[in-house]
Amino acid sequence: MEESRLPPGQYVPRGRPVIHYGRVPAFKPDRWDFRVFGATESGEEHRFDWGEFERLPRDTCIADFHCVTKFSLMANEWRGVTPATIMAAAPPDPGVRHVMIWAEYGYSANLRMTDFTAPGTLFAMELDEKPLSPDRGFPLRIVVPHLYAWKSVKWVRGIEYLLEDRRGFWEERGYHNVADPWREQRYSYQEEPGEGPP
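Residues numbered from 1 in each chain as written. Predicted model: local features only at pLDDT ≥ 70, side-chain atom pairs only at ≥ 80, totals over all residues. Heavy atoms only, no water.

Would you mind going over the side chain of Glu 126 in detail, with residue names and values included?
With respect to the secondary-structure elements, Glu 126 resides in strand E7 (residues 122-127). The exposure class of Glu 126 is buried, given its relative accessible area of 18%. Looking at Glu 126, its side chain comes within polar contact range of the side chain of Arg 58, at 3.0 Å. Residue contacts for Glu 126: discarding those within four places in its chain leaves Arg 58, Glu 77, Trp 78, Arg 79, Pro 131 and Leu 132. (Helix = DSSP H or I, 4+ residues; strand = E, 2+ residues; numbered from the N terminus. Buried < 20%, exposed > 50% of the residue type's maximum accessible area, 1.4 Å probe, protein only. Polar contact = N/O pair within 3.5 Å; in protein donor to acceptor, adjacent residues only side chain to side chain. Contact = heavy atoms within 4.5 Å.)

So this is what it looks like as C-alpha cells:
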C-alpha cells in the first residue's frame, strides 16, 4: 500500500509535478562531458565525453521519490549508471568519505559516501523506459531515492571526491545536510552534532 511507503508529512499528488531551480539547459553532445575530480586515487581528473558515458553499462532501479516540498512520486523506474561503475573507472582515494555532485550552472549537492553508494542510487538517463525529458534532467541526473529529492541533482556534469564534507547549493541556503525524509530532515537548524561539516 502506497501510504505505508510515505515518509512523515508527504502526500501523493495528482500527476507528476516538476520542480527545479533556474532554466532548463540546452544539451550539446559535442561539448558535454562528465568529470570525476578531487581526491581521486591517482590524483588525476577523469573525463568521459558523451559517447563514452552513454556506452557505460546500465542498471535499473524502481524507487519512490520524495520532494522536500512534501509530494512523493511512487514506484518510478529509473535506468542508468551506478556509482560503482563510475568508481571502478575513476577510483576515489581510500580516505574519501563524501562527494559533491556538480551540475549545470554550478549547482551542487553533497552526499555522504554511504548515501552515494547505497542501493538504488543511480546516474539516471531514463525514466519509465523513456529518455529523461529536459525538465526532468536530460541527459543525466543522479537519483538518491532514500533522501529528499534536492539531493537528486538534475543535469549532472561531474563528481568531486571529498576528504571532508562541504555543503552544496541548497545546504548553504539552510537545507539539512543529510536530508533523510523518514526523519523529516528538511532544514539545517534540525541538524544534530556530526550531521553537518566540521
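Read on, since the account is not over.
Now, about the sheet that holds strand E2 (residues 46-49): what can you tell me, with residues and values included?
Across the sheet, which stays open at both edges, the 5 strands sit in the order E2-E1-E10-E5-E6 with mixed pairing between neighbours. Among the strands making up the open sheet, the edge pair consists of E2 and strand E6 (108-112). Across the sheet, the mean angle separating the axes of adjacent strands is 15 degrees when strand polarity is ignored. In terms of strand pairing, strand E1 (residues 33-38) meets E2 through 4 bridges, oriented antiparallel. Counted as the bridge partner of Asp 33 is Asp 49 from E2. (Pairing = 2+ DSSP bridges. Axes fitted to C-alpha atoms, helices over the stretch in contact; angles between N-to-C directions.)

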